[in-house]
Amino acid sequence: MAARATRDSGGGDRLAGAGARRSSRRPLVALAWRTAPASRRLDLALSILSYWDGAWYRTVADQGYLLIPGRQSDPAFFPLFPIVLRGLNGLGLSFLTSGLLVANVAFVVGIVAFYEVSRRLLPLDVARMSAMLAALFPMSFVFSMTYPESLVFAALALALVFALDGRWTLSAIAGAAAALGRPEAIFFALPLVAIAIGRARASGRVAGGRAIGAAFAPVASVATFPLYLGWALDNVSAWSHAQRAWGRAFSLDGIVHAFQQLHEPGSTPWLWRDVAFCLIYLGLLAAARRVGISGPWLVASAALVLLPLASGTFLSDARFGLLALPVYWGAAALARRRVVRLPVLVVSAALLVAGTMTIPLVNP
Amino acid sequence: MKRGKTGWIRLAVASGATAAGFAALLAGAAFGLQAVTLPRPSDNQLLAARTLHWLTAQNAIKSTAFVGGERVSSICVNATIGPLPAYPERLHASLLVTGRRRLVETRFASFRLGSTMREEDGPLPTVRAVLAGCPRALGRRIGRFLDDRAPVHAERVFLRGATMLRLAFRQGDSRLLVIVNPRTFAPVAVRIPRLRTGWSYLARAQRRDLIRPELRLSRRLRLIVKEEA
């Protein structure tokens, strides 16, 4: 979210203010870092992981949703992460600690679950490499931030593992949870349907109701968010109103606007990072075909990377694409040869460190 | 085992029903989880949000206040301003006209318009814009209270023979009173108690209000300030 809204859009107050606060705070952060004792430095480093949208998720967890017309407001953020934060806060943890804990524990679970998905679909060496690359991917620092990405990544991977094992109830619960975290998770209904049909064919039977139900669980779950907003705020379309205030409005010519925005005066040069990652993701999806990843996976992932552009901006596409699991399979396929493997891991890790350093500068 | 046509249809219907039931069960659980865990805003905060919604749809508001027993009328029109040396991008602004005085208020700075533009320091220009009901300035003030989830108190009051709602916002030292029409949520009066100002009475500007000569800017100023109404 953000950049277009940081221009004065009449509603851009809060983010622009936050952006201004961040940039004016940068020298202070540097000074505090230099003068702080080692223990305080750890606090400072951890607080950086709670920057940007993390504050919005904490607001929702603490105070719930409220659509504030004409201003950037929190119904733009999906509810799973705040719900988990609120639950842990009830146990006595602060929202900040809960956020960091949830994000990082979920990331570990997600990587293990992703390895299990990969192992069921691909040769063992590719599965192992893809898990390593997911952990060291240049944008993976987002998984350690107080964002829902790691939670959704874990839930998606678990939904797919359970589906591949035919445990449909667990798959449905994990898929529904993923879609409550980020709406993009609904695209994974496609591979889930493909798994259900594939398993039914293999056993010579019709796909069962529970299997189909589990495949559509993410779709059903996403639909409950506007219903909840309708109940809580008397406004079923609060999510899309809030998105508009954040500078995102889905339209048929949204992709054209996304390209136009790149050349607008005053647009942030960081947009080019998102463009570069968008292209990298598409290239890696093409590479994933080489290891036999089927159409439904690729279509779902391509939609996950490309559909946000229909909202008129490339902004944050680098982050959104992190949930396109076949991307890591594509990267692993390219790094399959032993001579390439180590350099790829080293470069990726170095870019991850560099990416982490950019957190105070730009919204991921 | 071979199935007949009816068998397949029965199986498909059973599968479909199971799938739909299963998905509905999950959806119900997901909705319940949100409803049970997340706090809801108060009804008064929702009322304030509706007032803000009404304000965001307005381009011009006229107001009347009584200062020292004298009636003072203003009109405030949405505008844009820029580029300025300190603000290279165009900014959303409010153009406030009170008598012959013209003021441009933005989130970052305020300017007095004469034959040229002069920056005005201090919070007074913003206060004037809020009291004049400038949609952007008043909307921003209400929006900040809502951003901070400040408590909103509402009570019924009578104004000009009609029942209205008085919304009271309070956050630390900052207070704002707004009387709104309970049917349209349009603000009809506004007051900042801390400044001991009286009520300002607001109304949507009509077409004839927008052709006042004071709203006409010189060609040079028009290059910088553009009205939106």
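Think of each chain on its own: its residues are numbered from 1, step by step along the sequence as written. The order in which chains are written sets their letters, starting at A; the order in which ligands are written sets their numbers, starting at 1. Reporting of local features is limited, given that this is a predicted model, to residues whose pLDDT is at least 70; pairs of side-chain atoms are given and counted only at 80 or more, and all residues count toward the totals for whole chains, interfaces and linings. To get the side-chain values, all heavy atoms of the structure are used, and hydrogens and water are removed first.

> It is not clear to me how the overall build of chain A should be interpreted in this structure. Could you clarify?
Only DSSP runs of H or I with at least four residues qualify as helices, and only runs of E with at least two residues qualify as strands; both kinds are numbered from the N terminus onward. A tally of regular secondary structure across chain A gives 19 helices and 0 strands. Across the 364 residues that make up chain A, the buried fraction comes to 56%. When checking whether two residues touch, look at their non-hydrogen atoms; a contact exists if any pair is within 4.5 Å. Contacts spanning at least 24 positions in sequence make up 78% of the contacts within chain A whose residues lie at least 6 apart. Note on areas: these come from Shrake-Rupley sampling with a 1.4 Å probe, and a residue is covered only by the protein chains present in the view. Carbon and sulfur atoms provide 67% of the accessible area of chain A, an area that totals close to 14300 Å². Charged-residue counts in this description rest on Lys and Arg as positive and Asp and Glu as negative, His and the chain ends being excluded. The atom standing in for a charge is NZ when the residue is Lys, CZ when it is Arg, CG when it is Asp and CD when it is Glu. Each charge class in chain A was averaged separately, 32 positive and 16 negative side chains, and the resulting centres sit 9 Å apart. Exposure categories follow from relative accessible area, calculated using a 1.4 Å probe and restricted to protein chains: below 20% of the type maximum is buried, above 50% is exposed, and the middle band is partly exposed.

> Teacher, can you tell me more about the confidence of the model for chain B here?
Detailed reading of the predicted model is not advised wherever pLDDT is low. Predictor confidence is given residue by residue as pLDDT, running from a minimum of 0 to a maximum of 100. Here chain B shows a mean pLDDT of 91. Residues at 70 or above account for 98%. Across the predicted assembly, pTM comes out at 0.90 and ipTM at 0.92.

> Even after reading the chapter, I still don't get the state of the cysteines, so can you show me in this structure?
Each disulfide consists of a covalent bond between the sulfur atoms of two cysteine residues. Residue and element names in this part refer to chain B. By definition, disulfides here are pairs of cysteine sulfur atoms that lie within 2.5 Å. All told, the structure shown has 1 disulfide over all chains when counted by the stated rule. Sulfur-sulfur distance for the disulfide between Cys76 and Cys134 comes to 2.0 Å. Handedness here is read from the sign of the S-S torsion; for Cys76 and Cys134, about 105 degrees, the answer is right-handed. Of this pair, Cys76 sits in strand β2 (residues 70-81) while Cys134 sits in the loop between α3 (124-131) and α4 (135-147), and the two are 58 residues apart along the sequence.

> Any chance you could explain the interface of chain B and chain A here in plain terms?
Each partner contributes to the interface: chain B provides 37 residues, whereas chain A provides 53 residues. Throughout, buried area stands for the accessible area (probe radius 1.4 Å) lost by two parts on being put together, summed over both. Summed over both sides, the interface of chain B with chain A buries roughly 3800 Å², with 65% coming from carbon and sulfur. When a carboxyl oxygen of Asp or Glu lies within 4 Å of a side-chain nitrogen of Lys or Arg, that pair is called a salt bridge. On inspection of chain B and its partner chain A, the count reaches 3 salt bridges. Note that Arg149(B) and Asp74(A) form a salt bridge whose closest N and O atoms lie 2.6 Å from each other. Side-chain atoms alone can form a polar contact between residues adjacent in sequence; in general such a contact is a pair of N or O atoms within 3.5 Å, and within protein one must be able to donate a hydrogen while the other accepts it. In this assembly, chain B and chain A are joined by 7 residue pairs in polar contact (both at pLDDT 80 or more). The set of elements that each furnish at least two residues to the side of chain B that touches chain A consists of α1 (5-37), α2 (43-56), β3 (91-98) and α4 of chain B. The leading source of residues in the side of chain B that touches chain A is α1(B), at 15 residues. The class makeup of the residues in the side of chain B that touches chain A is 19 nonpolar, 9 polar and 9 charged. In this count, Pro and Cys sit with the nonpolar residues alongside Ala, Val, Leu, Ile, Met, Phe, Trp and Tyr, while Asp, Glu, Lys and Arg are called charged and the others, Gly among them, polar.

> Explanation requested: unusual backbone geometry in the structure shown.
All names here are of chain B. In the segment running from Gly82 into Pro83, the intervening peptide bond is cis, with an omega of 0 degrees. Checked against the element boundaries, Pro83 lands in the loop between β2 and β3. Unusually for a residue other than glycine, Arg160 sits at a positive phi of about 50 degrees. Its place among the elements puts Arg160 in the loop between β7 (152-159) and β8 (162-171). Taking the relative accessible area as the measure of exposure, Arg160 reaches 67% and is therefore exposed. Here Phe185, not a glycine, exhibits a phi torsion of approximately 65 degrees, which is positive. Positionally, Phe185 belongs in the loop between β9 (174-180) and β10 (187-191).

> I tried to follow the environment of Met164(B) on my own but got confused; where do I start?
Residue and element names in this part refer to chain B. You can see Met164 is positioned in strand β8. Separated by 23 residues in sequence, Met164 and Pro187 place their C-alpha atoms 9.6 Å apart. Filtering out sequence-adjacent residues up to four positions away, Met164 remains in contact with Glu155, Arg156, Val157, Leu159, Ile179, Val180, Asn181, Pro182 and Val188.

> How do you make sense of the pairing of β10(B) when you look at a structure like this?
Within a regular strand, side chains alternate between the sheet's two faces. Residue and element names in this part refer to chain B. Burial analysis of β10 places 4 of its 5 residues in the buried class, the great majority of the element. By the convention used here, strands pair only if DSSP detects at least 2 bridges between them. As defined by bridge partners, β9 adjoins β10 across 4 bridges and the pair is classed as antiparallel. Bridge pairing in β10 links Val180 to Pro187. Sheet topology note: the β10/strand β11 (residues 200-204) ladder contains 2 bridges and is antiparallel. Bridging from a neighbouring strand, Val190 pairs with Ser200 of β11.

> I tried to follow helix α18 (residues 326-334) of chain A on my own but got confused; where do I start?
Residues separated by three or four positions in an α-helix point in the same direction, a consequence of the helix having 3.6 residues per turn. Most of α18(A) is tucked away, with 8 of its 9 residues classed as buried. Residues of α18(A) that are buried make contact with α6 (95-121), α7 (124-136), α8 (149-164), α15 (271-290) and α16 (295-306) of chain A.

> So what exactly am I meant to see when it comes to the packing of α15(A) against α16(A) here?
Axes are the key here: two packed helices are described by the angle between their axes and the distance separating the axes. All names here are of chain A. Where α15 meets α16, the axes come as close as 10 Å, and the angle between the chain directions of the two elements is 175 degrees. As the angle between them shows, α15 and α16 are arranged roughly antiparallel. Contacts between α15 and α16 pair Cys278, Tyr281, Leu282, Leu285, Ala288 and Arg289 from the former with Leu298, Ser301, Ala302, Val305 and Leu306 from the latter. Of the residues contributing to the contact of α15 with α16, the split by class is 9 nonpolar, 1 polar and 1 charged. Axes, fitted as lines to C-alpha atoms, cover a helix only where it is in contact. Angles between the N-to-C directions of the axes lie from 0 to 180 degrees. Angle categories are assigned with fixed cut-offs, so that under 35 degrees is roughly parallel, over 145 is roughly antiparallel, 65 to 115 is roughly perpendicular, and the rest are oblique.

> Before we go on, may I ask you to explain the packing of helix α4 (residues 54-63) of chain A against helix α5 (residues 80-90) of chain A in this structure?
Residues and elements named next belong to chain A. Where α4 meets α5, the closest approach of the two axes is 8 Å, and the angle between their N-to-C directions is 60 degrees. Taken together, α4 and α5 sit at an angle that is classed as oblique. Crossing handedness for the pair α4 and α5: right-handed. Residue-level contacts link Tyr57, Arg58, Val60, Ala61 and Asp62 of α4 to Phe81, Pro82, Leu85 and Arg86 of α5. The class makeup of the residues in the contact of α4 with α5 is 6 nonpolar, no polar and 3 charged. Whether a crossing is left-handed or right-handed is set by the direction in which the near helix is turned from the far one by less than a right angle, anticlockwise for left-handed and clockwise for right-handed.

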